[in-house]
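Residue-level structure breakdown
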2 protein chains.
Amino acid sequence: MDFSTWMSGIQQRTESALEAALPAPTLAPANLHEAMRYAVLGGGKRVRPLLCHAAGSIFNIAGSVLDAPAIAVELIHAYSLVHDDLPCMDDDDLRRGKPSCHVQYDEATALLVGDALQTLAFQTLSNRLAGIAAARQLDMLHLLAVASGSRGMAGGQAIDLAAVGQQLDIGELEFMHIHKTGALIRSAVLLGAHCGEAAPDALEHLGHYANRIGLLFQVVDDILDAEASTATLGKTAGKDAAQNKPTYVNILGAREAKAMASKLRQDAHDVLAPFGASALRLHELADFIVERTF
Amino acid sequence: MDFSTWMSGIQQRTESALEAALPAPTLAPANLHEAMRYAVLGGGKRVRPLLCHAAGSIFNIAGSVLDAPAIAVELIHAYSLVHDDLPCMDDDDLRRGKPSCHVQYDEATALLVGDALQTLAFQTLSNRLAGIAAARQLDMLHLLAVASGSRGMAGGQAIDLAAVGQQLDIGELEFMHIHKTGALIRSAVLLGAHCGEAAPDALEHLGHYANRIGLLFQVVDDILDAEASTATLGKTAGKDAAQNKPTYVNILGAREAKAMASKLRQDAHDVLAPFGASALRLHELADFIVERTF
């Protein structure tokens, strides 16, 4: 199966699994459930679920086992977007080519949507998974929680907020992104690997891969924010510059940022070497992330 | 041990457990961690941890086992207060006698504080608990998630928002509170019972108890909001009337609301009968909740 066929298949099964996990829009409170579905369904590249399934594929894990961790990570990601777009945060009206949640509904609803999506992530991953030992599943929940919380994604948001208008050096910028986007991307890869009962050294290699991918993802995002149009992105372009946010492009310049992306892709490929052909999908995903820009 | 000695002991161990679970204020991002600690420590009656420990005491479960579920529920409660106080929700400046989190810090920080406290609840409860089977612990996580999410607490908030300025009848009001406060109170009792590997019929009795306590708690809260002063409450008194929110007092009148509280206390006591003397603390907690008012 070629990469794009594989990717479409994962995206479709992810959409179905999200659809099934989200409460029906007819269920009370209907307005909240409708807004939760609006924020999650029908958009996004599902990069985190793709990484989770790709990591699981190294160990020949069935997609039906990987769906729960894959959508748990995606629900955390979706909640973070809804809260990030709120007026007190990034104040963004556009998300995935549609009005953002608080614009389509209202701020109070968007706040509750984000809250309830986070809960739904943990609810989903606490359903007993067939073929996974309960103790391992607890470890997976713990891993997702640590990646999402104040020492992971939410902490990265706090560092980001504090950095607006500041001059960061490249090390400080990296520290922020390791938390803000890197931690959750890393959890997507590791959760897939945990489903395969990966040995500690395999988890370590995959952790290194995920760290490169997390930074790569952010460098590419910064390049796109600087160079692509709002229509292409489906979110407001040029926002980082307008908000005076530090980015790889404004610290390194566009050419250096692109060189950094190439280097991170190569590093990601190199660290997959021990897995040989079984890591095909992770290999291809590194390419896919870079090729959004060039 | 008399009730008030028992209660102080649980409150103290809850404070210590929360203190230990919350990241140190020196750990990066320091501002977020300081604000999380501000929102959680040094206040509150810890009713939910008391209920969890009281339910566990029926089965002679050690306090050291009950601490984790007790503080997980309290962290969910604390996150909900921080988000409820935000300007787009109840817009309340005062909480537990102090400026509320977004007043002391800022809205963006308070948003992240709530988000990270929710995550910390699930992180705490996914740490392996000594003496509890992993499969049961997964069930406990699932129970907490369902109680907190769109079909529980967060859903109750959404129903509450939609009810502002509406005429609710007593049935609709009860439906709102079963979700908004009842679900989490119920989870506190059931999590304590799960630590004791309670049999299904015991869980059912305790579920009935918890349902009465959840409503009792809300009726008492409405009476206090109408009758007590801001100084006594440590939060803004008379807020429900000012915001034109439906309450038991304005639907039933103060006298009927108090009669309802007495009846709920009696029902809560009655349903504990099968447990005999082992349910002493749950029995006393029903009294404690009522005696805040009379």
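Scoring rules and cut-offs
- Residues numbered from 1 in each chain as written.
- Chains lettered and ligands numbered in written order.
- Predicted model: local features only at pLDDT ≥ 70, side-chain atom pairs only at ≥ 80, totals over all residues.
- Helix = DSSP H or I, 4+ residues; strand = E, 2+ residues; numbered from the N terminus.
- Rg over C-alpha atoms; globule rule 2.2 N^0.38 Å.
- Buried ≥ 20, exposed ≤ 12 C-beta atoms within 10 Å, placed from the backbone.
- Contact = placed C-beta atoms within 7 Å.
- Axes fitted to C-alpha atoms, helices over the stretch in contact; angles between N-to-C directions.
- Parallel < 35°, antiparallel > 145°, perpendicular 65-115°, else oblique.
- Left-handed = near helix turned anticlockwise from the far one by under 90°.
- Nonpolar A, V, L, I, M, F, W, Y, C, P; charged D, E, K, R; others polar.
- Core = buried A, V, L, I, M, F, W, Y, C linked by C-beta atoms within 7 Å.
- Least-squares fit on C-alpha atoms with pLDDT ≥ 70 in both.
- pLDDT = per-residue confidence, 0-100.
- Expected span 1.5 Å × (residues − 1).

1. Describing the overall build of chain A
A count of helical and extended segments in chain A gives 15 helices and 2 strands. Relative to the compact-globule value of 19 Å for 294 residues, chain A shows a C-alpha radius of gyration of 18 Å, a close match. C-alpha atoms of chain A, sized along the principal axes, occupy 50 × 50 × 35 Å. With 294 residues in all, chain A has 53% of them scored as buried. Counting contacts in chain A only where the partners sit at least 6 residues apart, residues at least 24 apart contribute 72% of the total.

2. Quick look at the packing of helix α6 (residues 107–125) of chain A against helix α6 (residues 107–125) of chain B
For the pair α6 of chain A and α6 of chain B, the least separation of the axes is 11 Å and the interaxial angle reads 15°. Compared by their axis directions, α6 of chain A and α6 of chain B come out roughly parallel. For α6 of chain A against α6 of chain B, the interelement crossing comes out right-handed. Residue-level inspection shows D115, Q118, T119 and F122 of chain A of α6 of chain A in contact with α6 of chain B, the latter providing D115, Q118, T119 and F122 of chain B. Considering only residue class, the contact of α6 of chain A with α6 of chain B consists of 2 nonpolar, 4 polar and 2 charged.

3. Examining the interface of chain A and chain B
Tallying the contact residues gives 43 residues for chain A and 43 residues for chain B. Among the elements that make up the side of chain A that touches chain B, the one with the highest residue count is α6 of chain A (11 residues). Residue composition of the side of chain A that touches chain B, grouped by class: 24 nonpolar, 15 polar and 4 charged.

4. Digging into the nonpolar core
By size, the foremost hydrophobic cluster in this structure holds 185 residues, and its most contacted members are L117 and L216 of chain A together with L117 and L216 of chain B. In this view, L117 of chain A contacts M36, A39, V40, L75, A78, Y79 and V82 of chain A; residues no more than four positions away in its chain are not counted.

5. A short note on the relation of the copies chain A and chain B
With an RMSD of 0.0 Å, chain A superimposes on chain B once it is rotated by 180° and translated 0.0 Å along the axis. Put plainly, the chains are arranged around a two-fold axis. Relative to the rotation axis, the C-alpha of A134 of chain A is the closest in chain A, positioned 2.7 Å from it. Counting the interface residues of chain A, we find that 100% of their copies in chain B are interface residues as well, pointing to one common contact surface.

6. A word on the confidence of the model for chain A
Averaged over chain A, the pLDDT score is 93; the fraction of residues at 70 or greater is 97%. Interface confidence for the predicted complex, expressed as ipTM, amounts to 0.95; the pTM equals 0.95.

7. Side note on α6 of chain A
Along an α-helix, residues three or four positions apart point the same way, because every turn accommodates 3.6 residues. Taking 1.5 Å of rise per residue, the 19 residues of α6 of chain A would be expected to cover 27 Å, and the 28 Å separating its terminal C-alpha atoms lies within 8% of that figure. A large share of α6 of chain A lies buried, amounting to 18 of its 19 residues.

8. Looking at helix α3 (residues 47–58) of chain B
All names here are of chain B. For α3, which comprises 12 residues, the first-to-last C-alpha distance of 17 Å matches the rise-based estimate of 16 Å (1.5 Å per residue) to within 8%. Counting buried residues in α3 gives 12 out of 12 residues, a clear majority hidden from the surface. Looking at α3, one finds that the buried residues are V47, R48, P49, L50, L51, C52, H53, A54, A55, G56, S57 and I58. Buried-residue contacts for α3 involve α1 (3–21), α4 (63–84), α9 (170–195), α10 (200–227) and α15 (280–291).

9. With respect to the packing of helix α2 (residues 30–40) of chain A against α6 of chain A
All names here are of chain A. Running from N to C, α2 and α6 point in directions that differ by 75°, and their axes come no closer than 9 Å. As the angle between them shows, α2 and α6 are arranged roughly perpendicular. Across from N31, L32, A35, M36, A39 and V40 in α2, the residues of α6 making contact are T109, L112, V113, A116 and L117. Partitioning the contact of α2 with α6 into residue classes produces 9 nonpolar, 2 polar and no charged.

10. What about unusual backbone geometry?
Cis geometry marks the peptide bond from A28 of chain A to P29 of chain A, where omega comes out at -5°. Tracing the chain through its elements places P29 of chain A in the loop between α1 (3–21) and α2. A positive phi angle, close to 60°, is found at R46 of chain B, a residue other than glycine. Looking at where R46 of chain B falls in the secondary structure, it is placed in the loop between α2 (30–40) and α3. Note on R46 of chain B: 23 C-beta atoms within 10 Å, which makes it buried. The phi dihedral of D91 of chain B falls on the positive side, at around 50°, and the residue is not glycine. By the secondary structure assignment, D91 of chain B is in the loop between α4 and β1 (94–95). Taking the number of C-beta atoms within 10 Å as the measure of exposure, D91 of chain B has 14 and is therefore partly exposed.

11. Here we look at the environment of K263 of chain A
Tracing the backbone through its elements, the reader meets K263 of chain A in helix α14 (residues 254–271). Sequence spacing of K263 of chain A and L216 of chain A is 47 residues, and the spatial spacing of their C-alpha atoms is 9.0 Å.

12. Brief notes about the environment of V219 of chain B
All names here are of chain B. Positionally, V219 belongs in helix α10. In sequence terms V219 and M260 are 41 residues apart; their C-alpha atoms lie 7.8 Å from each other. The residues touching V219, leaving out its near neighbours within four places in the chain, are Y248, A257, M260, A261 and L264.

13. Focus on the environment of L282 of chain B
Residue and element names in this part refer to chain B. Here L282 lies in helix α15. In the structure, L282 is positioned 229 residues away from H53 in sequence and 9.1 Å away in space, judged by C-alpha atoms. Beyond its immediate stretch of four places on either side in the chain, L282 contacts A54, A55, Y209 and L272.

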